[in-house]
Amino acid sequence: MVAGQSSREPRFVAQSQPQVGDSAQSPWQSTGHSSGQSPEHGPGPSAGSSGATPRQVSDHSSDHSSDHSSDHSSDHSSDHSAAPSPGHSPDQKPGNGPGNGSGHDSGRSSGQGQAPARDRRRQATAWREARALAARAGRGAAPRTQRLPLDRTLGHVLAEPLAALTDLPSFDTSAMDGWVVAGPGPWALGKGEGGSGDLGILAGHSTPAPLPDGDGVRIATGARIPANATAVIRSEHAHVDEAKGLLYAQRQVVPGQDIRPRGQECRSGDQLLPAGTLVTPAVLGLSAAAGYDELVTVPRPLVDVLVLGDELLTAGLPHDGLIRDALGPMIGPWLRALGAEVSAPRRLGDDAEALQRALTTSEADLVITTGGTAAGPVDHVHPVLAKIGAGLLVDGVAVRPGHPMLLARLPSGGPYLVGLPGNPLAAVSGLLTLAEPLLRGLAGRAPEEPYRVVVRDEVHGHPHDTRLVPVVHRVRSAEGTGSAAGAGVEHVVPLHYNGPAMLRGIAAADGLAVVPPGGVRSGAEVEILDLPWAPTTPWTEGCFT
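Keep in mind that what you see is a predicted model, and the values were worked out from it rather than measured.

Enquirer: Could you give me a rundown of the overall build of the chain, with the residues and numbers involved?
Expert: A count of helices and strands for the chain gives nine helices and 30 strands. Taken over 545 residues, the chain has a buried fraction of 51%. For the chain, long-range pairs separated by at least 24 residues make up 78% of all intrachain contacts whose partners lie at least 6 apart in sequence. Accessible surface computed for the chain: about 24100 Å², of which carbon and sulfur atoms make up 51%.

What follows is the structure in structure tokens.
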């Protein structure tokens, strides 16, 4: 490790040249299509429309491409599942090789019973519209509140504004240890009230006696200021002549100095924080100071996690066609970081009846499924949703990775369901595209304000769909650039290992870059989706970027 380099520096950064397996031009690029739509596909619902109205799931609505990846899919070649490759007609899906063994859907789909590629593209919702639909669904849920003791509110969201119950401070107090004096000096020394002798006036004691003009008395930080006091002189700025019993100031005394007047911070009834504020340790402290013993908050959304797939192991090394479950250990903590209460993952395998029972008996606000959203012979999510009469809000998203994600509402006012693809990075894409904005709404949190940052390297784009690419933030140093020009400029660096079945890139990332169709050039600005644990400290340039 180079001196001064952060320990979380990744050792792999995406290069601007195409990855192995990329063609110079996708066969679809010559058709002149734009916005990720086929020629016959008109625009989807507008952001202002009532896009949260579900449509009923039909038995054939499960026809989506899946995000299969090979080990060299660190760019976008493996995500072209809806685009024909040479030797395939547009109505046939090319065969996909298995993934790298860390996901759920790798190699599971047989391709039988799937709709033509152009039909799948017709169903896909634009990425931004899918996020907006999820956010509106969350905000549209019936509001709920709860009253909790302060020590149980950390991480919740305020359901109503926080108004001060008292003036802060509630009486004039000393801002420093020193001497409180009345009138001009020098001052005759007196003794504190309440039998405290030479200790003077202490914090937490009752109201002291008025201070006569020309007197001074020792006072502690936070103690009440006696009536008629002029100022507080800090201990280090005063000299005591013990023989004469007089106090002298070594600096000019300004009336009111080092006194915190009543109501300096707020008056009783002032709004301190708006509804929707996340309760942090600092909010707890402010609430206590303002007189609260309890807070009215929005309950954390309850989430059930259902892990699907017979091929998954919970321990040990992959063997005999079985692979480790990467999503079960990841999804719960990720959702908790988004403010949810999450049950322990339930592993259902490829059992349609078990999935149906789990969905129809769930008492959660949101159910997350992993895998089974494509159209393979054991991909049961769509058929089960159709059987129980669920309504689809989003059925496939024009994003790579993660195209076959979905958002549904179970019948009779049941929970929402976010179906994540089985490939790990595709599942992360689904979390940030659908689960995160939905949970924000359910938890009463305000939407995050989007922001854009310059990308250091060229990033290839899908010809039609949005790409989400793991990145790290950096601040360019003068040492790294060889000159002061450009030093201190924040930028993001795209990372390697960003195929749908890979987690190596996202594990080193602090955000995902939103790459529009066609890609972006070096120096262009891209929107960034922060990860829940993104660092708040400045980033520095390292030797691996």
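Next, the rest of the story.
Enquirer: Can you tell me about the sheet that holds strand 10 (residues 231-234), naming the residues and giving the values?
Expert: An order of 10-7-9-8-12-11 is seen for the six strands of this open sheet, with the pairing classed as mixed. The sheet is open, and its two borders are formed by strand 10 and strand 11 (238-241), each paired with just one other strand. The average angle at which neighbouring strand axes cross in this sheet is 35°, direction not considered. Here four bridges tie strand 7 (residues 178-181) to strand 9 (residues 215-219), and the two strands are oriented antiparallel to one another. Residue pairing in the sheet places Trp-179 in a bridge with Arg-218 of strand 9.

Enquirer: Explain the packing of helix 4 (residues 327-337) against helix 7 (residues 424-443) residue by residue, including any values.
Expert: Contact pair helix 4 / helix 7: the axes reach a minimum separation of 12 Å and the direction vectors enclose 25°. When the axes of helix 4 and helix 7 are compared, the pair comes out roughly parallel. For the pair helix 4 and helix 7, the crossing hand works out as right-handed. Contacts between helix 4 and helix 7 involve Leu-327, Met-330, Ile-331, Trp-334 and Leu-335 on the former and, on the latter, Pro-424, Ala-427, Val-428, Leu-431, Leu-432 and Leu-439.

Enquirer: I'd like a description of the pattern of salt bridges, backed by residues and values.
Expert: Taken as a whole and judged by the stated rule, the model has 13 salt bridges. The residue Arg-456 makes a salt bridge to Asp-457 at a minimum N-O spacing of 3.1 Å. Members of the salt-bridge network, linked through shared partners, are Arg-131, Glu-436, Arg-440 and Glu-448.

Enquirer: Tell me about the sheet that holds strand 3 (residues 146-149), and name the residues and values.
Expert: Pairing in this open sheet of three strands is antiparallel, and the strands run 3-15-4 from one edge to the other. With one partner strand each, in any of the chains shown, strand 3 and strand 4 (157-158) form the two edges of the open sheet. Bridge analysis of strand 4 against strand 15 (residues 294-298) gives two bridges, and the strand direction is antiparallel. Note on strand 15: the bridge partner recorded for Val-157 is Val-298.

Enquirer: Hey, could you go over the packing of aromatic side chains for me, with residue numbers and the actual values?
Expert: Following the criterion strictly, the structure yields one aromatic pair and no others. Both rings, one in Trp-334 and one in Trp-533, keep their centres 4.6 Å apart while their planes meet at 75°; by these two values the pair is edge-to-face. Here the residue Trp-334 occupies a position in helix 4, and Trp-533 occupies one in the segment after strand 30 (525-530), the gap between them amounting to 199 residues. By relative accessible area, which is 3% here, Trp-334 ends up buried.

Enquirer: Help me get a handle on the packing of helix 2 (residues 127-139) against helix 7, residues and values and all.
Expert: Running from N to C, helix 2 and helix 7 cross one another at 25°; their axes reach a closest spacing of 7 Å. On the basis of the axis angle, helix 2 is roughly parallel to helix 7. Considering only the axes of helix 2 and helix 7, their crossing is right-handed. Only Leu-432, Thr-433, Leu-434, Glu-436, Pro-437, Leu-438, Gly-441 and Leu-442 of helix 7 make contact with helix 2, whose side of the interface consists of Trp-127, Ala-130, Arg-131, Ala-134, Ala-135, Ala-137, Gly-138 and Arg-139. Of the residues that constitute the contact of helix 2 with helix 7, the class distribution is ten nonpolar, three polar and three charged.

Enquirer: Describe the nonpolar core, with residues and values.
Expert: Of all hydrophobic cores here, the largest spans 50 residues; its most connected members are Val-303, Ile-331, Trp-334, Leu-335, Ile-368, Leu-407 and Leu-438. With ten residues, the single largest contributor to this core is helix 7. Leave out the neighbours within four places in its chain, and Trp-334 touches Val-428, Leu-431, Leu-432, Ile-506, Leu-531, Pro-532 and Trp-533. Residues Leu-355, Ala-390, Leu-392 and Ala-408 belong to the second largest nonpolar core, which totals 18 residues.

Enquirer: An account of the pairing of strand 24 (residues 406-409) is requested, with residue identities and associated values reported.
Expert: Alignment of strand 22 (residues 391-395) against strand 24, held across four bridges, turns out to be antiparallel. The residue bridging Gly-391 from the neighbouring strand is Arg-409, located in strand 24. Here four bridges tie strand 24 to strand 25 (residues 416-420), and the two strands are oriented antiparallel to one another. What sits directly across from Leu-407, in strand 25, is Val-418.

Rules behind the numbers
Residues numbered from 1 in each chain as written. Predicted model: local features only at pLDDT ≥ 70, side-chain atom pairs only at ≥ 80, totals over all residues. Heavy atoms only, no water. Helix = DSSP H or I, 4+ residues; strand = E, 2+ residues; numbered from the N terminus. Buried < 20%, exposed > 50% of the residue type's maximum accessible area, 1.4 Å probe, protein only. Contact = heavy atoms within 4.5 Å. Areas by Shrake-Rupley, 256 points an atom, 1.4 Å probe, with all protein chains shown as cover. Pairing = 2+ DSSP bridges. Axes fitted to C-alpha atoms, helices over the stretch in contact; angles between N-to-C directions. Parallel < 35°, antiparallel > 145°, perpendicular 65-115°, else oblique. Left-handed = near helix turned anticlockwise from the far one by under 90°. Salt bridge = Lys/Arg side-chain N within 4 Å of Asp/Glu carboxyl O. Phe/Tyr/Trp six-rings, centres within 6.5 Å; stacked < 30°, edge-to-face > 60°. Nonpolar A, V, L, I, M, F, W, Y, C, P; charged D, E, K, R; others polar. Core = buried A, V, L, I, M, F, W, Y, C linked by side-chain atoms within 4.5 Å.

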